[in-house]
Amino acid sequence: MTQTAPPPAPPALKRTPLYQVHLHLGARMVPFGGWEMPVQYPTGVLAEHHAVRERAGLFDIGHMGQLRFEGPDAREFLQWITTNDVARLEVGAAQYSLLCNEAGGILDDVIVYRLAETRYMMVVNAANTDSDQAWIEQQLQRPGRGVQPERVAFERLSPPRTLLALQGPRSLEVLQRLTPVPLGSLRYYHALESTVAAVPTAIARTGYTGERGYELSFDGAQAVHVWHALLEAGKDVGVIPCGLGARDTLRLEAGMALYSHELTVETNPYEAGLERVVHLEKGEFVGAAALRAIHAAGPTRRLVGIELLGPGVLRPEYPILEHATGGAVIGRLTSGAPSPTLRKSIGMGYVPLQFATPGTEVGVEIRGRPHAARVVTLPFYRRATAAASEQPRKAG
Amino acid sequence: MAIPTPADCRFTKEHEWVRLAEDGTAIFGITDYAQDSLGDVVFVELPAPGTQVKQGETFGVVESVKAASDLYAPLSGEVIERNEALEQSPELINRDPYGAGWMIKVRPADLSELSQLLDAAAYDQLTASLH
């Protein structure tokens, strides 16, 4: 009998420098995007979620990819590979953007930071870091827009560079205790370079929770030191470590898309409600021709927020139905979860245009039975006292 | 932090418990191990009084933030009462899984079914082997 060779073992999950710290804290670890990450600590997802809305929470987001672009043609190269208008980015500013392929399908959603005149950083999703890097290197071989490859320095910074997020209404006060420059004037979607707990850090006022917050990029060799310094500085405020479970419920309430759920290579920016980050007028870029055509034709479906009208829980992949009581399947949820802050269950999904008006009653099938639900505007949650400039970038 | 396994209960391999009350009714719930594995419970779907449940078959669903899990009946019988407090306070299941987090009361059809279940010591051995 012939024996076939056993399949190769899957590559081991990657770990951030804080892995042992999470274990020591009693975190439950799960695979995510090729990394072994904390989904929750003994506090639990609900308590961690509430901590961020009420005080502040600390997240290890070292799994995310950090890329550097530098040089005289760095800006034009970023213009070539992203959909947003990089020319609008002043030094110290950041923008949410997309990498799209030639067909206008979304390869990743990213944030681009301009840290200096000709120095940019891009943060990408963990699961896509390798493929994004390979795709960008490929684009750098034959870029458009007059870019000369030798005038662009492109490299991956992570690892050893790592990333933490401190998010919540008390985050400014806590971070200020560890940072010598005044942070009060750092506006939303802006960044500066300083130190945190004496460690050189790029501090960005960006986040994935719908609250004021900061994302901190620095050398991972200092991760344990900075992590403990932040928790110590935030002790009297009640800052706690928060895992990916709370990260998901927070971003869903804030109406923010998650790559591989709301955004995939099969989705385009227009149906995802991200037309504001596609600047067709900036000239040629990868995917521009396809995006022009899609924009001209108009989307045939739209990403919407959905809330369950009764008790129960919405989850990804649940069918969306024509009526509260049944009918044809018109789509599937891309995300779904309990909303700890709003005390109901919420989700997102693509529906045909005629169902996309907020207020439209639909159904969601849960365990074979239709449940009444309703299309609602995004975001589900908005921080009541925040200035307009601090509102989360909604997905739809 | 773990709650001691009550000696007066019997257990399924799927981490449900049953306790017989003085009046011969049986109370069902999920164990401390189960609530800890699930994480924060946000919703539980339980059968209405009058429903027949069968040993080893599903009688409801418990949902945590992350996932939905089926509930398996430790004994067969007719549902007499369900814990209505769980609708507003599903977290009782996490906080007090053997007490205030009880799920349904059943009139058992056949007490010999108890022999199919694990006692507290056997259940503790099972959970120890799962770590």
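For clarity, every value in this text was computed on a predicted model and none was experimentally measured.

1. Here's the deal with the overall build of chain B
Step number 1: Within chain B, the secondary structure is distributed over 4 helices and 9 strands.
Step number 2: N-terminal to C-terminal, the α/β element order of chain B is β-β-β-α-β-β-β-β-β-α-α-β-α.
Step number 3: For 131 residues, the compact-globule formula gives about 14 Å, and the C-alpha radius of gyration of chain B, at 13 Å, lands near that figure.
Step number 4: Principal axes of the C-alpha set define a box for chain B whose edges measure 35 × 35 × 25 Å.
Step number 5: The burial tally for chain B puts 44% of its 131 residues in the buried class.
Step number 6: Sequence-distant contacts in chain B: of pairs separated by 6 or more residues, those separated by 24 or more amount to 62%.

2. Focus on the overall build of chain A
Step number 1: From N to C terminus, chain A includes 8 helices and 19 strands.
Step number 2: Taken along the three principal axes of its C-alpha coordinates, chain A extends 70 × 60 × 55 Å.
Step number 3: Burial analysis of chain A (396 residues in total) assigns 51% to the buried set.
Step number 4: For chain A, restricting intrachain contacts to residue pairs at least 6 apart in sequence, the fraction spanning at least 24 positions comes to 68%.

3. Topic: the sheet that holds strand S6 (residues 58–64) of chain B
Residue and element names in this part refer to chain B.
Step number 1: Pairing within the open sheet is antiparallel, and its 3 strands lie in the order S4-S6-S7. Edge positions in the sheet fall to strand S4 (41–45) and strand S7 (68–72), since each of these pairs with one other strand and no more. Pairwise comparison of adjacent strand axes, ignoring direction, gives a mean angle of 25° for this sheet.
Step number 2: Of the pairings in the sheet, the one linking S6 to S7 comprises 5 bridges and is antiparallel in character. Bridging across to S7, Val61 finds its partner in Asp70.

4. Points about the interface of chain A and chain B
Interface size is commonly expressed as the accessible surface area that is lost when the partners come together.
Step number 1: In this complex, chain A contributes 12 residues to the contact, which on the side of chain B involves 10 residues.
Step number 2: Put simply, the parts of the chain that give the side of chain A that touches chain B at least two residues each are helix H2 (45–54), helix H7 (244–253) and strand S16 (326–339) of chain A.
Step number 3: A class-by-class count of the residues in the side of chain A that touches chain B yields 6 nonpolar, 5 polar and 1 charged.

5. Thoughts on helix H4 (residues 129–141) of chain A
Residues and elements named next belong to chain A.
Step number 1: Counted at 1.5 Å a residue, the expected span for H4 with its 13 residues is 18 Å, and the 19 Å between its end C-alpha atoms agrees.
Step number 2: Within the span of H4, buried status applies to Thr129, Asp132 and Ile136. Seen along its axis, H4 keeps its buried residues to an arc of 65°; they face one direction. Residues of H4 that are exposed and point over 90 degrees away from its buried face: Ala134, Glu137, Gln138 and Gln141.
Step number 3: The inward-facing, buried residues of H4 contact strand S4 (65–70), helix H3 (74–81), strand S5 (94–100), strand S6 (106–116), strand S7 (119–124) and strand S8 (153–156).

6. Let's talk about the packing of H2(A) against H7(A)
All names here are of chain A.
Step number 1: Close contact between H2 and H7 brings their axes to 8 Å; oriented N to C, the two are set at 55°. In terms of their interaxial angle, H2 and H7 are classed as oblique. Considering the relative orientation of H2 and H7, their crossing is right-handed. Where H2 approaches H7, its residues Val45, Glu48, His49 and Val52 are matched on the opposing element by Gly245, Ala246, Thr249 and Leu250.
Step number 2: In terms of residue class, the contact of H2 with H7 is made up of 4 nonpolar, 3 polar and 1 charged.

7. A few points about the confidence of the model for chain A
Step number 1: In this model, chain A carries a mean pLDDT of 95, and residues with pLDDT of at least 70 account for 96%.
Step number 2: The low-confidence segment residues 385–391 of chain A (pLDDT under 50) makes 6 contacts with residues lying over four places distant or belonging to another chain.

8. Some thoughts on the sheet that holds S6(A)
Working definition: the strands of a sheet are paired by backbone hydrogen bonds and lie parallel or antiparallel to each other.
Residue and element names in this part refer to chain A.
Step number 1: Overall, antiparallel pairing links the 5 strands, which are arranged S5-S6-S7-S4-S8 in an open sheet. The strands lining the two open edges of the sheet, one partner per strand, are S5 and S8. Going from strand to strand, the sheet's axes swing by 25° on average, the running direction of each strand aside.
Step number 2: Sheet strands in contact with H3 are S4, S5, S6 and S7, and its direction is about 130° off that of S4.

9. Side note on unusual backbone geometry
When glycine is set aside, most residues are seen to have a negative phi, and most peptide bonds are trans.
All names here are of chain A.
Step number 1: Cis rather than trans, the peptide bond between Ser158 and Pro159 has omega equal to -20°.
Step number 2: As for its placement among the helices and strands, Pro159 is situated in the loop between S8 and strand S9 (161–167).
Step number 3: Residue Pro160 is bonded to the preceding Pro159 through a cis peptide linkage, with omega at 15°.
Step number 4: Mapped onto the elements, Pro160 comes out in the loop between S8 and S9.

10. Section: the nonpolar core
Residues and elements named next belong to chain A.
Step number 1: Counting 137 residues, the largest nonpolar core has Leu164, Leu166, Ile306 and Val364 as its most contacted members.
Step number 2: Here the element with the most residues in this core is S6; it accounts for 7 residues.
Step number 3: The contact partners of Val364, leaving out residues within four places of it in the chain, are Ile306, Leu308, Leu314, Tyr318, Ile320, Leu321, Leu333, His371 and Ala373.

11. Structural notes on the domain arrangement of chain A
Residue and element names in this part refer to chain A.
Step number 1: With domains assigned, chain A is organised as domain 1 (19–64 + 160–253), domain 2 (65–156) and domain 3 (300–396).
Step number 2: Averaged C-alpha coordinates put domain 1 and domain 2 at centres separated by 25 Å.
Step number 3: Listed as interface residues are 17 residues of domain 1 and, on the opposing side, 15 residues of domain 2.
Step number 4: With 3 residues, strand S10 (residues 191–196) is the single largest residue contributor to the side of domain 1 that touches domain 2.
Step number 5: Classifying every residue of the side of domain 1 that touches domain 2 by side-chain character gives 9 nonpolar, 6 polar and 2 charged.

12. Re the confidence of the model for chain B
One rule of thumb: low pLDDT means the predicted coordinates there are not for detailed reading.
Step number 1: Averaged over all residues, the pLDDT of chain B is 96; the fraction at 70 or higher stands at 98%.
Step number 2: Quick note on the complex model: pTM equals 0.94, ipTM equals 0.93.

13. Some remarks on the pairing of strand S1 (residues 28–32) of chain A
Step number 1: In the sheet, S1(A) pairs with strand S2 (residues 35–40) of chain A via 5 bridges, with the strands oriented antiparallel. Within S2(A), the residue paired with A:Met29 across the bridge is A:Pro38.

Definitions and limits used
Residues numbered from 1 in each chain as written. Chains lettered and ligands numbered in written order. Predicted model: local features only at pLDDT ≥ 70, side-chain atom pairs only at ≥ 80, totals over all residues. Helix = DSSP H or I, 4+ residues; strand = E, 2+ residues; numbered from the N terminus. Rg over C-alpha atoms; globule rule 2.2 N^0.38 Å. Buried ≥ 20, exposed ≤ 12 C-beta atoms within 10 Å, placed from the backbone. Contact = placed C-beta atoms within 7 Å. Pairing = 2+ DSSP bridges. Axes fitted to C-alpha atoms, helices over the stretch in contact; angles between N-to-C directions. Nonpolar A, V, L, I, M, F, W, Y, C, P; charged D, E, K, R; others polar. Expected span 1.5 Å × (residues − 1). Arc of directions from axis to C-beta. Parallel < 35°, antiparallel > 145°, perpendicular 65-115°, else oblique. Left-handed = near helix turned anticlockwise from the far one by under 90°. pLDDT = per-residue confidence, 0-100. Core = buried A, V, L, I, M, F, W, Y, C linked by C-beta atoms within 7 Å. Domains from an automatic or database assignment.

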